[in-house]
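These are the residues of each chain, in order.
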Amino acid sequence: MSRVVRFERWGGPDVLRVVEVPARRPGPAEVQVTVRASGVTAGESAAREGALAELYPRAFPAATGSEFAGVVTDVGSRARRFAVGDEVLGWSPEQGGHADVVVVPEGALVRKPAAVSWEVAGALYVAGVTAWTCVESTGVGDGDVVLVVGAASDVGTLVVQLARLCGAGVVGVAEATHHDWLHAHGADAVEPADAGALARVVHGRAGRVDVVVDTTGADVDHLAEALEVPSSRCVATLPLEADLEFGPAAPRRAEVLAELVDLVAQDRLHVPIAGAFALDDVVEAFATAERPHRRGRIVLLP
């Protein structure tokens, strides 16, 4: 038997239940993984509340969990990339990562370096690939000045760091409680304001802005206009869609994830962890993740 998180109606975290289901052996090109950590994402909260029901219909009972890390415990007859005992991280195409055991296609996994903690590995895929897409799609390069709105969010913290690794200067928009973290990661920091006021402050600090990345779902068009940044160098990522749409990175998400986890292993990319919860405490984990003003990922430890 396997223990999984499921829900049978739309609602808040209280609709989540941990239930036992028959364990499934992997198919020919699949891999079974015993889960050590699995991130909690905004997209999963939105899906559970029914906000995405029209775009992504789901049958009840529905599972949750986009990302995970763990140890390979079985492989299908045609799976060649991994062996029993390998440590891996990846994603669940069936949204079933909040469980003690998952079965996924072998292409949905990459190897976990020993230097990367289970908590970080289990919380890297969604925010990491989304942040990578934001930076890549806007062509961030050496000498650019990047404005990151929502710089303390799950995606925003990684956009800040990836842009800095590209050689860009970064101005992060976040509440004052997060400014020390932004400064420690090489970014300037300003508090949120309307588009006009923000443009005046940022221009006064940085002189110009070349790229705008908005992770809050605000109206990026008005901000881009106020900052005189072309639309081709602006991108907005709605938090609730972060683990559903990856744009240009989608066809090579495994390649991107492997590069991201290598950056983490080299201590060049940091994934803040705000809290870790047992699988049985999934209701509390989601309630914590959905509170405002939190910096860092929430993870489940099955």
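Each value, and the rule that gives it
Residues numbered from 1 in each chain as written. Predicted model: local features only at pLDDT ≥ 70, side-chain atom pairs only at ≥ 80, totals over all residues. Heavy atoms only, no water. Helix = DSSP H or I, 4+ residues; strand = E, 2+ residues; numbered from the N terminus. Pairing = 2+ DSSP bridges. Axes fitted to C-alpha atoms, helices over the stretch in contact; angles between N-to-C directions. Phe/Tyr/Trp six-rings, centres within 6.5 Å; stacked < 30°, edge-to-face > 60°. Buried < 20%, exposed > 50% of the residue type's maximum accessible area, 1.4 Å probe, protein only. Lys NZ or Arg CZ within 6 Å of the ring centre and 35° of its normal. Disulfide = S-S within 2.5 Å. Salt bridge = Lys/Arg side-chain N within 4 Å of Asp/Glu carboxyl O.

Moving on: unusual backbone geometry. Backbone torsion omega between Phe-60 and Pro-61 reads 0°, so that peptide bond is classified as cis. Note that Pro-61 resides in the loop between α1 (42–49) and β4 (62–63). Although it is not a glycine, Glu-228 sits at a positive phi angle of roughly 60°. Positionally, Glu-228 belongs in the loop between α7 (220–227) and β13 (234–236). Even without glycine at this site, Asp-267 takes up a positive phi of about 65°. Residue position: Asp-267 is located in the loop between α8 (253–265) and β14 (273–278).

What follows is about the sheet that holds strand β12 (residues 211–214). Taken together, five strands build an open sheet; the order of strands is β11-β10-β9-β12-β13 and the sheet is parallel. Each edge of the open sheet carries a strand with a single partner, namely β11 (188–190) and β13. Between one strand axis and the next, the sheet turns by 15° as a mean value, whatever way the strands run. For β12 and β13, the ladder comprises three bridges, and the chain directions are parallel. Counterpart to Val-213 in the pairing with β13 is Val-235.

Moving on, we get to the packing of aromatic side chains. Enumeration according to the criterion identifies four aromatic pairs in this entry. Geometrically, the ring pair formed by Phe-7 and Trp-10 is tilted, given 6.2 Å between the ring centres and 45° between the ring planes. Where Trp-10 meets Phe-60, the ring centres are 4.9 Å apart and the plane angle is 65°; that geometry is what we call edge-to-face. Here Trp-10, found in the loop between β1 (2–7) and β2 (17–21), pairs with Phe-60, found in the loop between α1 and β4; they are 50 residues apart in sequence, far enough to count as distant. Trp-10 gets classed as partly exposed once you look at its relative accessible area, which sits at 32%. By relative accessible area, which is 37% here, Phe-60 ends up partly exposed. Put simply, the rings of Phe-7, Trp-10 and Phe-60 pair up and form one aromatic cluster. Of note, Lys-112 hangs over the ring of Trp-118, and the distance from its end group to the ring centre comes to 4.6 Å.

What makes a disulfide is a covalent bond joining the sulfur atoms belonging to two cysteines. Using the criterion set out here, one finds zero disulfides in the structure. The thiol of Cys-134 is not disulfide-bonded; the next cysteine sulfur, from Cys-234, is found 12 Å away. Judged by its relative accessible area of 1%, Cys-134 is buried. Classification of Cys-234 by relative accessible area gives buried; the value is 16%.

So, about the pattern of salt bridges. One pass over the full model with this rule turns up twelve salt bridges. A salt bridge links Arg-233 to Asp-144; its shortest N-O distance comes to 2.8 Å. Residue Arg-233 is found in the loop between α7 and β13, and its partner Asp-144 is found in the loop between α3 (125–137) and β9 (145–149); the two are separated by 89 residues along the sequence. A relative accessible area of 13% means that Asp-144 is categorised as buried. In this structure, the salt-bridge partner of Asp-154 is Arg-297, at a minimum N-O distance of 3.3 Å. One end of the pair, Asp-154, is in helix α4 (residues 154–165); the other, Arg-297, is in strand β15 (residues 297–301), with 143 residues separating them in the sequence. Note on Arg-297: relative accessible area 3%, which makes it buried. Each of the salt bridges in this network shares a partner with another, and the network as a whole consists of Arg-48, Glu-49 and Glu-290.

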